[in-house]
Structure formats: structure tokens, C-alpha cells
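Topology and contacts: notes
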Amino acid sequence: MGDNLISVNNVSVNFDYQENFISKKQKIHAVNNINIKIKKGSFFGLVGESGSGKTTLGRAILGANKISSGNVIFHDDERDYDLTNMNKQDLKEYRKKAQLIFQDPYAALSPRMTVRDIIAEPLEVMKITNSRQETDERVRDIAAKCRLNIEHLRRFPHAFSGGQRQRISIARALVSNPKFIVADESVAALDVSIQADILNLLKHLQSELNLTYLFISHDLSVVAHVCDVVAVMYLGHIVEMGPSRELFKNPKHSYTKALLSSIPSIDPEKRSEAIELKGEIPSALNPPPGCVFRTRCPNPGIDCKGGEITMGLTEVEPGHWVDQCCVL
Amino acid sequence: MSHLLEVKNLDVKFDTDEGRITAVENISLSVDQGEVLGIVGESGSGKSVTAKSIMKLNPGNTSYNEDAEIILDNENVLQFTSKQDLKKIRGGKVSMIFQEPMASFAPAIKIGAQMVEQLLIHKNINKDEAKSISINMLKRVGIADAEKRFNQYAFELSGGMRQRAMIAMALSTMPKLLLADEPTTALDVTIQAQVINLIKDIIKEYQMGVIFITHDLGVIAQVADHVAVMYLGSVVEKGPVNEILKNPKHPYTKGLLQALPDINNLDAPLSPIPGNIPSPLDRPTGCVFRTRCPHHNPEGKDGKIEMKLIEVEPGHWVDQCGIQCGQNG
Ligand SMILES: Nc1ncnc2c1ncn2[C@@H]1O[C@H](COP(=O)(O)OP(=O)(O)OP(=O)(O)O)[C@@H](O)[C@H]1O
Ligand SMILES: Nc1ncnc2c1ncn2[C@@H]1O[C@H](COP(=O)(O)OP(=O)(O)OP(=O)(O)O)[C@@H](O)[C@H]1O
Ligand code: SF4
Ligand code: SF4
Ligand SMILES: [Mg+2]
Ligand SMILES: [Mg+2]
């Protein structure tokens, strides 16, 4: 559909929680009624509270998490894929087009496979290459792009540092030439120099290979630098969304403001200038009515306290959306 | 007064199929009670390996040099072999927050059960007490519904909750020395600020010593008293946090600070340190950084000058090559 690659329409994801066999089943509301459009060729940033549902949303878009309600459409050149309604063949094709770079590279890499085999696996599983030689070439090519030495390829992942492992997962995700990448905290484990290097690499590959990214990160300075559009999540909801420069310069939501003020300063003499968030962190099992940030908001209005206004985004500037509770 | 922890002349090598890897070379560090030592540096520079050495957690293919010492509370940890002694450094006097949260929780055992077990091993308390200490700690690290999370498996928690659960577990035994390996990387900045404040409070309360490994220089600025900068297994610069961040001397430290994305200047390109990290199988002789250094001079480049830290300001130590080349470059 035009310039969008992905449309996320009213998506919710719930998980079951049960304390023990006899107790009542409860629901964890991990992702609530999310609407986003990801433009082709964009670097879409997702930031927010830990546990707010970023990974869950990313996985839902990849078809790796079941969607409880709503739908996700992937607009490929020739056709659309409706993720809530795919047959086996569709799913197989979709897997080639959309890939995940994992949050925890330790858990993601099989300890019994060499790095070469780890990177080659997607090619083999998806039968993308026709000979071992071709596979090796592609593996070496992408490994070099991700700054892994050829000699690294014969080793097992345990022999690598966290940052090196992260580069292995990036190579693995990119080897099949996908169109869409969910990068979940992909640079968090890297030192700043390699981080800058990988971000430049992701940017470079974006224009070279025409990639679209959903970039999940806690590092707001990084997000501000690489992302075109940013959505801020809190407790399963998007509370603010907009072009990244506009959003970082002119944050409207109280949570976004608190986030920006908490970026640790590089000056040791400026400790603790953060807007400190007090109050109970609410639970996804039992989200408060009205604004979900209300229990910790440093300056709630009178209306917010009652929790009478339901959540939903409203446009305050062209393309800049803020939760309506916070604007009223 | 003697230091809580003193690492002297430590080398750590791994035997692999392709040969012997030098992961750490000739490192000396100290940590006092109530002090936070930050370690920063390139991925693969040996930060985690150094921390794991203090608990003797490196795998079977590891060798330490004969003259190395890791003195904790007046005992040389490297000499420890008995179960009794090892218990002291693995959860007793020392706890570690691991870089890989998934690795430190067994997948099939609930978070709470693991916390309780760890406490029962190291503290003289009963199950109920252990449970209440654990839940209380989960609450202190900002986990909502701590009683319920206590009953969940690691995979059911988000990355950041897992990391906080691990922090809670490491702190619950109140060790004398806390090794925190990238403890806040999976946390959003508001929770990060909260966890950093918690760790600071607990350090004060219990006079704990802390080694805080992170690549986030902002976090270093917020928590550390002293900082050591590592590159390819060597400490190239160390000193008080203010000195290192405001008056860096070594070209590698300067490069790190320049690579930092600046949120106030979004038009600036991201500038990594040029070049590639050499493989630990062929560490450069002389200055380890010379293959990437913008100021190398032939002497540094030929690797004739051996690495050695010298004091340039009170407490501020820099690799001597670094200063010489820096001046000539
Ligand atoms: N497999 C699962 N079973 C049960 N609950 C889950 C599962 N996966 C996620 N959750 C819950 O869903 C919520 C959102 O988790 P998610 O991992 O998406 O958060 P996140 O925003 O990625 O956080 P972080 O920044 O910490 O990684 C959390 O409450 C989490 O405990
Ligand atoms: N068991 C092992 N066998 C062989 N080499 C190893 C082993 N463990 C670590 N290494 C190597 O030792 C070096 C130091 O690794 P370490 O994990 O300490 O790096 P790090 O500084 O913690 O990096 P990061 O910031 O990426 O976590 C790396 O080159 C790594 O490949
Ligand atoms: S709606 Fe009210 S309580 Fe919620 S974030 Fe905005 S000001 Fe705070
Ligand atoms: S010794 Fe020379 S090459 Fe090495 S860091 Fe210093 S200036 Fe650079
Ligand atoms: Mg996550
Ligand atoms: Mg490490």
C-alpha cells in the first residue's frame, strides 16, 4: 500500500498467567491496541519502559508471537501478507523477508555450532543457496561486512565476547537478504566505537539493500541519531509517536519527558538531574484505568487522577501523536 | 589500610584449537570498601574475563600466570581449590551480575526458587526468611507484582525484568564485593537511574566494593569513583572518574569519547575509531593500540616500547607509550 511496508492495526497481545493449578487464570496485557505504520526504507525506533511490550510487539510483527486481536499487514511489492491469516507457504516466504536480531545474543546462538554454521543456517534452512561454495561465499561476505575475521568463523560462540556475539547475530539476520529487520537492542552490548560502527553499517546496508528497520533500543541518543520516526511505549501502550527530531526537541508526554531527562550525563559533576519517577510501577496483569502512567506521573492533571479519560493517540503537530489523556 | 580487592599482574590465557589466546595481560587493579571501580573498553578487551577470574569462573582451558595474585580480604583467590573456599567467592563474599541474564537463570526453575536456594546456601536462614528477603529485593529493584514474578520462569520476563531479577539475586546475599557486568544495559533510562541509585544506596549501607563493567560512559560518569580503560587485554589508562572523562590522555580513551553519540548534536556523524581490532591470537607487540592509533610514531609502531603505566597526575595512570607517542604525534 503506497509507501508503507508494514501496517499494524489495533494489535493486542496477551499472555496467560496462573499462579498455581487451582488459582484463576489471569491475563498479562503485554501489548494493547497498537496502531503503527512503518514506511518503506525507514528506520522506525521503538523506545520505552522495560517490560512495556517492545519485544512482544516486534515478535508479533514477525509472526513469532500470536496476536490476540487486530492484524498486521506486510505490504510486499507484489502482494500483501496478512500475518493473522497465513498458510504454511506464506509463512515460509515471509520468514525470508523479515528477520530478527535478538536482544540476548548469548541465548540466541547455539553453543554447539560453529560461527560459520550459525550464520549459514538461515541460508540452508530456507534453501536460498544452491551449493556449499555459494553458502560459504555469502557467509564470508556478510561476516566481513559485520567485521568478523575469517578465522572467527571456525570457532564456537562461547569463545566470543558479548559484543562479538552480537555481530554474529547481526550477520545471521542479514545473510538471507531480508527486506525488514527487527533489531532488538542490537547495539546495547557493544562498546561505543563498535556501536557507532555497527550503526553506520546498518545505515549503509539500509540504502544498499533497501532495508526497513524496526529498531528497539533503550539508548535514546542512538535512537535520536539513526531513527526517522520514534514511538514511545509504556505498559503496553504507545504514549507518543512522531518524527524523531520533533519528538526529542518537543516532547509532549510526561513519560517521554521523564525519559529524556534520565539520559545519564557524561559529566561526573552532573549527577542525578533526572526527573525521578516515584510511585508504584503498575503491573501488566492489572493496568490502571485511564492513563497507564498515572501512578508515577510527576505532574498529573486533575482529570488524569480520576482515570476517566481513555487512552488513545491524538495528532498535535503533523505526524506527532500524543496520548489524548496527556494533551487535554 | 589494605584494599578489599587487589589484582596484581594478572594474565589470562585460553588454549584453543588455533593456539593460545591472550585475553588479559598484566592487569593490576584495586577496589576499596564502598568504592565503585568502573571498567570500560572495546568489546572483547577482557572485561568479563577479568571479572570472572575473581570468582575463578573461567572455563577449563584457562591458564593464569604463576606470579599473578588476586587478593580478596587478604587471601589469594587464585590459590583456592577446595569447595569450601570456592563457595566463599561464588555467592559468599563475591556475587556477580552476569552480562547474559538468560545464562544465570536455569530455564526450568522458577526465578524465586533460584533466589531462595542461593540464599540458603550462603546464609544461615530458613526458607521463609529467604523468600521474604528475595521478594523484598525484587521490589527494591522496581519489579511490580514481585510476589507473582517470584513464581515465573526467566523466559516469561522481559529482558529488563530478567536483568533486574538478577541484580536482586546478586544483592540479596549482601556480598563484600559485587561484580556487575553490564548490569543496566537492558534497562530503560528511568529504571536504570533507579537501579543505579539502589546500588549506590546499598554500597553505602553495606560498604560493598563494586566493579562496574559498562560501555556506557554516561553510566560510568554517574556511578564510578575510579575508571580503568581496557583495550585488547590491557589496561591502557586508569584514574579518578573526573580525570579520565575530562582529561583523557590515551588515544584510545579519546577515541571512545569521540564515538559517543551526542543527543544535542544530531547532525554530527557517528565516528567510530578507524580500523579493526586485531585478533587476540596476534596481539601487537609493544603498544596494543598502535595498529589503530592516529598518533603512532615509528617507535610505538615498531613495538619497541613495552607497555607500562606511569602516573601523569595524582592517581591518573596512562600507558607510557601513549604519552610518548601522543606528544610526538
Ligand atoms: N512468553 C511469555 N509468557 C508470559 N509473559 C510474557 C512472555 N513474554 C513476555 N511476557 C510479558 O509481556 C510483557 C512485555 O514484555 P516484553 O518482553 O515485550 O517487554 P520489552 O518492552 O521488550 O521489555 P525490555 O525492554 O525489558 O526487553 C512483560 O510483562 C512480560 O513479562
Ligand atoms: N572460553 C574462552 N575460550 C577462548 N577465548 C575466550 C574465551 N572466553 C573469552 N575469550 C576471548 O577472550 C577475549 C576477552 O573476552 P571478554 O568476554 O572478557 O570481553 P569483554 O571485554 O567482556 O567484551 P564485551 O564488551 O563484548 O562483553 C575475547 O577475545 C574472547 O574471544
Ligand atoms: S495523562 Fe495525566 S497522568 Fe497521564 S502522563 Fe499525562 S499528565 Fe501524567
Ligand atoms: S603508543 Fe603510540 S601507537 Fe600506541 S597509543 Fe600511544 S600514541 Fe598510539
Ligand atoms: Mg525486550
Ligand atoms: Mg563482556
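Computed from a predicted model, the values in this text were never measured in an experiment.

1. Here's the deal with the overall build of chain A
A tally of helices and strands in chain A yields 12 helices and 12 strands. The C-alpha radius of gyration of chain A comes to 21 Å, within 12% of the 20 Å expected for a compact globule of 328 residues. Along the first, second and third principal axes, the C-alpha set of chain A runs to 65 × 55 × 50 Å. Here chain A, with 328 residues, has 55% of them falling under the buried criterion. Restricting to contacts in chain A with at least 6 residues of sequence separation, those with at least 24 account for 62%.

2. Let's talk about the pairing of strand E10 (residues 226-231) of chain B
Residues and elements named next belong to chain B. Among the 6 residues of E10, 5 are classified as buried, and the element is accordingly described as predominantly covered. Bridge count between strand E3 (residues 36-41) and E10: 5 bridges; the pairing is parallel. Bridging from a neighbouring strand, Gly-38 pairs with Val-227 of E10. With 6 bridges connecting them, E10 and strand E11 (residues 234-240) associate as antiparallel partners. Paired with Ala-228 across the strands is Lys-238, a residue of E11. Counting the residues in the hairpin turn of E10 and E11 gives 2 residues, including Leu-232, whose phi is positive at 45°.

3. Remarks on the interface of chain A and chain B
Across the contact, 65 residues belong to chain A and 70 residues belong to chain B. Looking only at chain A, the three residues that lose the most surface to chain B are Val-192, His-225 and Arg-271 of chain A, adding up to 13% of its buried area. At the surface where chain A touches chain B, the tally comes to 3 salt bridges. Residues Lys-246 of chain B and Asp-267 of chain A are paired through a salt bridge, measuring 3.0 Å at the closest nitrogen-oxygen approach. Inspection of the region where chain A meets chain B yields 16 residue pairs in polar contact (both at pLDDT 80 or more). When residues of the side of chain A that touches chain B are traced back to their parent elements, those giving at least two are strand E2 (26-39), helix H3 (105-108), helix H6 (162-174), helix H7 (192-209), helix H8 (220-226), helix H9 (244-249) and helix H10 (254-261) of chain A. Counting residues per element, the side of chain A that touches chain B draws most heavily on H7 of chain A, at 8 residues. Residue composition of the side of chain A that touches chain B, grouped by class: 27 nonpolar, 20 polar and 18 charged.

4. Some words on the layout of surface pockets
As a volume, the second largest pocket reaches approximately 1,000 Å³. Only strand E1 (4-17), E2, helix H1 (54-61) and H3 of chain A together with helix H7 (159-172) of chain B provide two or more residues apiece to the lining of the second largest pocket. The element contributing the most residues to the lining of the second largest pocket is H7 of chain B, with 5 residues. Of the residues in the lining of the second largest pocket, the class split is 20 nonpolar, 15 polar and 12 charged.

5. Structural notes on the domain arrangement of chain B
Residue and element names in this part refer to chain B. Its domain assignment divides chain B into domain 1 (5-93 + 175-328) and domain 2 (104-174). Between the C-alpha centres of domain 1 and domain 2 the distance comes to 29 Å. Contacts between domain 1 and domain 2 engage 21 residues on the former and 15 residues on the latter. At the junction of domain 1 and domain 2, the tally comes to 3 residue pairs in polar contact (both at pLDDT 80 or more). It is helix H8 (residues 189-206) that provides the largest number of residues to the side of domain 1 that touches domain 2, a total of 7 residues. When its residues are assigned to classes, the side of domain 1 that touches domain 2 shows 11 nonpolar, 5 polar and 5 charged.

6. Some points on the site of ligand 1
Within the structure, ligand 1 sits among 20 residues, and Gly-51, Thr-55 and Thr-56 of chain A together with Glu-156 and Gly-160 of chain B are positioned closest to it. In this structure, ligand 1 is bordered by residues of chains A and B. The contact in question runs from an oxygen atom of ligand 1 to an N or O atom on the backbone of Lys-54 of chain A, over 2.8 Å. A distance of 2.6 Å separates an oxygen atom of ligand 1 from a polar backbone atom of Gly-160 of chain B. Taking 640 Å² as the accessible area of ligand 1 by itself, protein coverage stands at 91%. Here ligand 1 is seated within the second largest pocket. The set of elements that each furnish at least two residues to the shell around ligand 1 consists of E2 and H1 of chain A together with H7 of chain B. Tallied by class, residues from the shell around ligand 1 come to 5 nonpolar, 11 polar and 4 charged.

7. Here we look at helix H4 (residues 115-125) of chain A
Taken as a whole, H4 of chain A has its buried residues at Val-115, Arg-116, Ile-118, Ile-119, Ala-120, Pro-122 and Leu-123 of chain A. Just beyond H4 of chain A, the residue with positive phi is Lys-127 of chain A, at close to 50°.

8. Thoughts on the nonpolar core
Ile-119 and Phe-215 of chain A are the most contacted members of the largest nonpolar core, which totals 135 residues. Both domains that meet at this core, namely domain 1 (5-93 + 175-328) and domain 2 (104-174) of chain B, each give it at least three residues. With residues near it in sequence (within four places) discarded, Ile-119 of chain A still touches Val-139, Ile-142, Leu-148, Leu-153, Ile-168, Ala-171, Arg-172 and Val-175 of chain A. One finds Leu-10, Leu-72, Ile-89 and Ile-211 of chain B within the second-largest nonpolar core, a separate group that totals 35 residues.

9. Considering unusual backbone geometry
Phi at Leu-235 of chain A takes a positive value of approximately 45°, unusual for a residue other than glycine. One non-glycine residue, Asn-9 of chain B, adopts positive backbone phi at about 50°. Counting through the fold element by element, Asn-9 of chain B comes out in strand E1 (residues 5-16).

10. Structural notes on the sheet that holds strand E4 (residues 69-75) of chain A
All names here are of chain A. Ordered in space as E2-E1-E4-E5, the 4 strands form an open sheet in which the pairing is antiparallel. Looking along the sheet, the strands with just one partner apiece sit at the ends: E2 and strand E5 (80-82). This sheet shows a mean twist of 20° between the axes of neighbouring strands, independent of strand direction. Inspection of the sheet shows E1 paired to E4 by 5 bridges, in the antiparallel sense.

Thresholds, definitions, all that
- Residues numbered from 1 in each chain as written.
- Chains lettered and ligands numbered in written order.
- Predicted model: local features only at pLDDT ≥ 70, side-chain atom pairs only at ≥ 80, totals over all residues.
- Heavy atoms only, no water.
- Helix = DSSP H or I, 4+ residues; strand = E, 2+ residues; numbered from the N terminus.
- Rg over C-alpha atoms; globule rule 2.2 N^0.38 Å.
- Buried < 20%, exposed > 50% of the residue type's maximum accessible area, 1.4 Å probe, protein only.
- Contact = heavy atoms within 4.5 Å.
- Pairing = 2+ DSSP bridges.
- Buried area = accessible area lost by both parts, 1.4 Å probe.
- Salt bridge = Lys/Arg side-chain N within 4 Å of Asp/Glu carboxyl O.
- Polar contact = N/O pair within 3.5 Å; in protein donor to acceptor, adjacent residues only side chain to side chain.
- Nonpolar A, V, L, I, M, F, W, Y, C, P; charged D, E, K, R; others polar.
- 1 Å grid on protein atoms, 1.4 Å probe; cavity = no way out; pocket = protein on both sides within 12 Å on 5 of 7 lines; lining within 4 Å.
- Points joined across faces, edges and corners; volume = space filled by probe spheres on them.
- Domains from an automatic or database assignment.
- Near = heavy atom within 4 Å.
- Areas by Shrake-Rupley, 256 points an atom, 1.4 Å probe, with all protein chains shown as cover.
- Sits in = over half its atoms within 2 Å of the grid points.
- Core = buried A, V, L, I, M, F, W, Y, C linked by side-chain atoms within 4.5 Å.
- Axes fitted to C-alpha atoms, helices over the stretch in contact; angles between N-to-C directions.

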